[in-house]
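A structural walkthrough
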Amino acid sequence: MGIEERIMRSLDGVVVPGVGRGIGAMGLVRGVEVDGGRAKVLLASTGLIPGARNWIADRVREALEPLEGVEGVEVEYRAFKAKELNRVGCIIAVMSGKGGVGKSLVSGLLAIALRRRGHEVGILDADITGPSIPRMFGAYLPPGGDEGGILPVVSGSGIEIISINLMLEAEDVAVMWRGPLIANTIKQFGEDVLWGNLDYLIVDLPPGTADVPLTLMQSFPVTGAVVVFTPQSLVEMIVRKSVNMVAEMGKRLLGVVENMSYLYVPEIDKKIEIFGPSRAEEIAREAGAPLLVRIPIDPKLAALCDGGRIEEYDGELLDLLGDGVLRELSFEV
Ligand SMILES: Nc1ncnc2c1ncn2[C@@H]1O[C@H](COP(=O)(O)OP(=O)(O)OP(=O)(O)O)[C@@H](O)[C@H]1O
Ligand SMILES: [Mg+2]
């Protein structure tokens, strides 16, 4: 292995304070050069307060000095924009024409399923009415960073999380703005976040098909969307609106999810369709996308969400959701 490759390997072990991911994975290592035994490392200063910069520079020296062939280490910082450093594979938007149907739940479960398959995953919680995602993951710390970039909070299992709501709260900004203003702010926030290298970024969209979801779908290079609905009257019309919007934006519909589909009663081993018979299959057929999963009403799941412990959830629906989305993405045309 060449010296530069050994240096890169050692740099992987240096983590960004507060984020807990390596400086390589966060996209901060911009160059390594060895000249007559002197190793020069160029790092991006994006999102790093001066204390963090010094701390990382010390760790880099400690990691490289013992290497054979290295006689001195020089660390240089340079400013980069977060979006110049980010390498995000697929962006998946989770949406619904209606509020309260479980978009945030599905976003969280999808992120967990992909993470358990060994992928690097982030969630952009674009809902301004409440920090649903941080609440589910018990990740209430305000995001770190500086004017150069915002650092995500990382969940117990290593999912990067940014909640627009927590940032607005931190900045004490009123959320009663008009749609386009909110959408532009979210777009700006999204671009200023240092995600680093991610395989999948899940965007938990606010409800509806109005300004905010529209601008978000337009301004982020969204790969595909997942539409969530519950069994109720007018569901076809509500789903059709979302499906049409996805098509109009030229995005792919990766699948649909029916939430609160039924209640399973173990004592009688029966599934009770509380909101009436499911039309999920029919709706999926009409939407021209697979029905990824029917999620039951599950008091245990609700308790885990409320307690910030959604990552402890285990169930076959995680496999159905994760594998279903991955299968659709591999059909990329
Ligand atoms: N299948 C389910 N079983 C039990 N509780 C659920 C289920 N789905 C959602 N919930 C609960 O219902 C509430 C609403 O879910 P969630 O926040 O995911 O909806 P949403 O569509 O994101 O809402 P909003 O439009 O406000 O963003 C949450 O408290 C969640 O824990
Ligand atoms: Mg939500």
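Counting starts from 1 at the beginning of each chain's written sequence and moves along it residue by residue. Lettering for chains starts from A, numbering for ligands starts from 1, and both go in the order in which the items are written. Per-residue local features of the predicted model are confined to residues with pLDDT of at least 70, and side-chain atom pairs are confined, for both listing and counting, to 80 or more; whole-chain, interface and lining totals are unaffected and use all residues.

As for helix α12 (residues 316-330)
- Compared with the 21 Å implied by 1.5 Å per residue over 15 residues, the 21 Å span of α12 between its first and last C-alpha is a close match.
- Working definition of burial: number of other C-beta atoms within 10 Å of the residue's own, with buried at 20 or more, exposed at 12 or fewer, and partly exposed in between, all C-beta atoms being placed from the backbone. Think of it this way: any DSSP run of H or I at least four residues long counts as a helix, any run of E at least two long counts as a strand, and we number them from the N terminus. For α12, the complete set of buried residues consists of L317, L321, G322, G324, V325 and E328. Buried residues of α12, seen end-on, are gathered within an arc of 160° and therefore sit on one face of the element. Of the exposed residues in α12, the ones pointing more than 90 degrees away from its buried face are E316 and S330.
- For α12, the elements touching its buried residues are β4 (87-95), α4 (103-116), β11 (224-229), β12 (252-265) and β14 (291-297). By this rule, a helix spans an expected 1.5 Å times one less than how many residues it contains. It is the directions from the helix axis to the C-beta atoms that the arc portrays. By definition, residue pairs are in contact when their C-beta atoms, positioned from the backbone, come within 7 Å.

A short note on the domain arrangement of the protein
- Boundaries between domains were set according to an automatic or database domain assignment. Domains assigned within the protein are domain 1 (3-80) and domain 2 (86-330).
- Each of domain 1 and domain 2 has a C-alpha centre, and these two points are 35 Å apart.
- Taken together, the contact between domain 1 and domain 2 spans 12 residues of the former and 14 residues of the latter.
- Each residue gets one label: Ala, Val, Leu, Ile, Met, Phe, Trp, Tyr, Cys and Pro are nonpolar, Asp, Glu, Lys and Arg are charged, and the others, such as Gly, are polar. Per-class residue counts for the side of domain 1 that touches domain 2 are five nonpolar, six polar and one charged.

A look at the pairing of strand β5 (residues 121-125)
- The buried count for β5 comes to five of five residues, which makes it a mostly enclosed element.
- Burial along β5 is two-sided: the face carrying V121, I123 and D125 and the face carrying G122 and L124 are both buried.
- Where β5 and strand β10 (residues 197-204) come together, five bridges link them in parallel fashion. Each bridged residue has a counterpart across the sheet, and for I123 the counterpart in β10 is I202.
- One ladder, built from four bridges, connects β5 with strand β9 (residues 160-163); its direction is parallel. Residue G122 lies in a different strand from β9, and its bridge partner there is E160. Strand pairing follows a simple DSSP-based rule, namely that at least 2 bridges must link the two strands.

Points about the packing of helix α9 (residues 235-248) against helix α10 (residues 280-287)
- Note on geometry: axes are C-alpha line fits, over the in-contact stretch for helices, and angles between N-to-C directions span 0 to 180 degrees. Running from N to C, α9 and α10 point in directions that differ by 30°, and their axes come no closer than 10 Å. Considered as vectors, α9 and α10 are oriented roughly parallel to each other. Like other packed secondary-structure pairs, α9 and α10 cross with a definite hand, here right-handed. Across the interface between the two elements, V235, E236, V239 and V243 from α9 touch I283, E286 and A287 from α10.
- Here the residues of the contact of α9 with α10 are counted per class, giving five nonpolar, no polar and two charged. Angle categories are assigned with fixed cut-offs, so that under 35 degrees is roughly parallel, over 145 is roughly antiparallel, 65 to 115 is roughly perpendicular, and the rest are oblique. Helix crossings fall into two classes, left-handed where the near helix is turned counterclockwise from the far one by less than a right angle and right-handed where it is turned clockwise.

Some details on the confidence of the model for the protein
- pLDDT is defined as a per-residue confidence score from the predictor, taking values between 0 and 100. Here the protein shows a mean pLDDT of 90. Residues at 70 or above account for 95%.
- The spread of mean pLDDT over the elements of the protein runs between helix α6 (residues 164-171), the lowest at 72, and α4, the highest at 98.

With respect to the site of ligand 1
- Proximity of a residue to a molecule or strand is defined by its backbone-placed C-beta atom lying within 6 Å of that partner. Around ligand 1 there are 19 residues in total, and G99, K103, S104, L105 and A302 lie nearest to it.
- Looking at the shell around ligand 1, the elements that each hand over two or more residues are α4, β12, β14 and α11 (299-306).
- Looking at the shell around ligand 1, its residues break down into nine nonpolar, seven polar and three charged.

Focus on the sheet that holds strand β3 (residues 72-78)
- Strand order in the open sheet made by the three strands is β1-β2-β3, with mixed pairing throughout. Edge positions in the sheet fall to β1 (29-35) and β3, since each has one partner strand and no second. Across the sheet, the axes of successive neighbouring strands diverge by a mean angle of 15°, strand direction being ignored.
- Of the strand pairs in this sheet, β1 and strand β2 (residues 38-44) are connected by six bridges, and their pairing is antiparallel.

Considerations on the environment of P131
- By the element assignment, P131 lies in the loop between β5 and α5 (132-137).
- Distance in space between the C-alpha atoms of P131 and E74 is 42 Å, their sequence separation being 57 residues.
- Those residues within four positions of P131 in sequence are excluded, and the remaining contacts are D125, S163, N165 and L166.

Description of the pairing of β3
- Bridging between β2 and β3 involves seven bridges; their strand directions are parallel. Across the sheet, the residue bridging to A44 is R78, located in β3.
- Between the parallel pair β2 and β3, the chain is carried across by helix α2 (residues 50-64), and the sense of this crossover is right-handed. Assignment of crossover handedness uses the view with strands pointing away from the viewer, where a clockwise path from the first strand over the helix to the second indicates a right-handed crossover.

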